[in-house]
Amino acid sequence: MTSRRDEILANLDRVNRRIADACAGAGRDPAELTLIVITKTYPPSDIRLLSDLGVRNVGENRDQEAAGKAAECADLTLTWHFVGQLQRNKAPSVARYSDVVHSVDRPRLVAALDRAAARAGRRLGALVQVDLAQPKDPARGGAAPADVTDLGADIAAADNLELRGLMAVAPLGEDPAAAFARLREVQTQLRRRFPTADWLSAGMSGDLEAAIAAGATHLRVGSAVLGERAHVG
Ligand SMILES: *Cc1c(COP(=O)(O)O)cnc(C)c1O
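Thresholds applied
Residues numbered from 1 in each chain as written. Predicted model: local features only at pLDDT ≥ 70, side-chain atom pairs only at ≥ 80, totals over all residues. Heavy atoms only, no water. Helix = DSSP H or I, 4+ residues; strand = E, 2+ residues; numbered from the N terminus. Buried < 20%, exposed > 50% of the residue type's maximum accessible area, 1.4 Å probe, protein only. Axes fitted to C-alpha atoms, helices over the stretch in contact; angles between N-to-C directions. Parallel < 35°, antiparallel > 145°, perpendicular 65-115°, else oblique. Left-handed = near helix turned anticlockwise from the far one by under 90°. Contact = heavy atoms within 4.5 Å. Near = heavy atom within 4 Å. Polar contact = N/O pair within 3.5 Å; in protein donor to acceptor, adjacent residues only side chain to side chain. Areas by Shrake-Rupley, 256 points an atom, 1.4 Å probe, with all protein chains shown as cover. Nonpolar A, V, L, I, M, F, W, Y, C, P; charged D, E, K, R; others polar.

Draft legend 1. Main features of unusual backbone geometry. The omega torsion of the bond from Q134 to P135 falls at 0 degrees, within 30 degrees of zero and hence cis. Mapped onto the elements of the fold, P135 is located in the loop between β5 (124-130) and α6 (148-157). Located in the positive-phi region is T41, a residue other than glycine, with phi close to 75 degrees. Position of T41 among the secondary structure elements: in the loop between β1 (34-38) and α2 (44-52). Look at T41 and you get partly exposed, because its relative accessible area is 28%.

Written as structure tokens, this is what we have:
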């Protein structure tokens, strides 16, 4: 019987091979890419195994689950990414354990995170989440492409936040390459004003190749490393 460690190791190898192949196809250097393993629904013991296997970046999408797991893994040297929709009242908790918040999509959330970071005595990285759905899907997070640069300016002006770039999820039912091409245009606009905001957080288990071709710098991969989730997290 294979151990959980062997299973995760084999999955990581497979994902890293996919990344290497996609980079070769796109003429990119794999060193430009950061793999963030999305650990939602999986236990802290898996996070320990990931850390043991050399993973340095993990991501979560629900504050209640993430806060407990981050506390249990506080002895590990990990960068914690928060990638889920975020209510303002959760900002104080998220600011305590997250290093980077990928899902900033409205001005009032910028203000709440800035205050929470100040209170926690921390500086948080922040990405503007772009809604790539056409028409906009109100059930999902993300700022309209036309609002992204203004929101980026709000983040850049916040004392305790650092504007890192953009995050997006490819809409269901659309060719991810087309969606990521629109994301790339939004990035070009943002970087005209904020040249150092160069992170592009895009690409999940099913579409990481398309994201790499479109210039992604940070991949958020869950099920391809840890297995299919029992329920949608
Ligand atoms: C769950 C999740 C992922 C990872 O999805 P997989 O398909 O399991 O790779 C990436 N980004 C966000 C925002 C998520 O919620």
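Don't stop here, the text continues.
Draft legend 2. Structural detail: the packing of helix α1 (residues 4-26) against α2. The interhelical angle for the contact between α1 and α2, taken along N-to-C directions, is 55 degrees, at an axis separation of 10 Å. Here α1 lies oblique to α2, going by the angle between them. In terms of crossing hand, the pair formed by α1 and α2 is right-handed. Touching R4, R5, I8 and L12 of α1 are D46, L49, L50 and D52, all from α2.

Draft legend 3. Just the site of the ligand, in detail. Taken together, I38, K40, N61, V83, M204, S205, R220, V221, G222, S223 and R229 make up all the residues around the ligand. Here an oxygen atom of the ligand sits 2.5 Å away from a polar atom, N or O, in the side chain of S205. At 2.9 Å from a nitrogen atom of the ligand is found a side-chain nitrogen or oxygen belonging to R220. Contact with the protein chains covers 88% of the free accessible surface of the ligand, which is 390 Å². Per-class residue counts for the shell around the ligand are four nonpolar, four polar and three charged.

Draft legend 4. Inspection of the side chain of D131 at higher detail. Tracing the sequence through the fold places D131 in the loop between β5 and α6. With a relative accessible area of 7%, D131 lands in the buried category. Only 3.0 Å separates the side chain of D131 from the backbone nitrogen of A133, close enough to count as a polar contact. Not counting chain neighbours up to four residues away, the residues in contact with D131 comprise K136, D137, G141, G142, A143 and P145.

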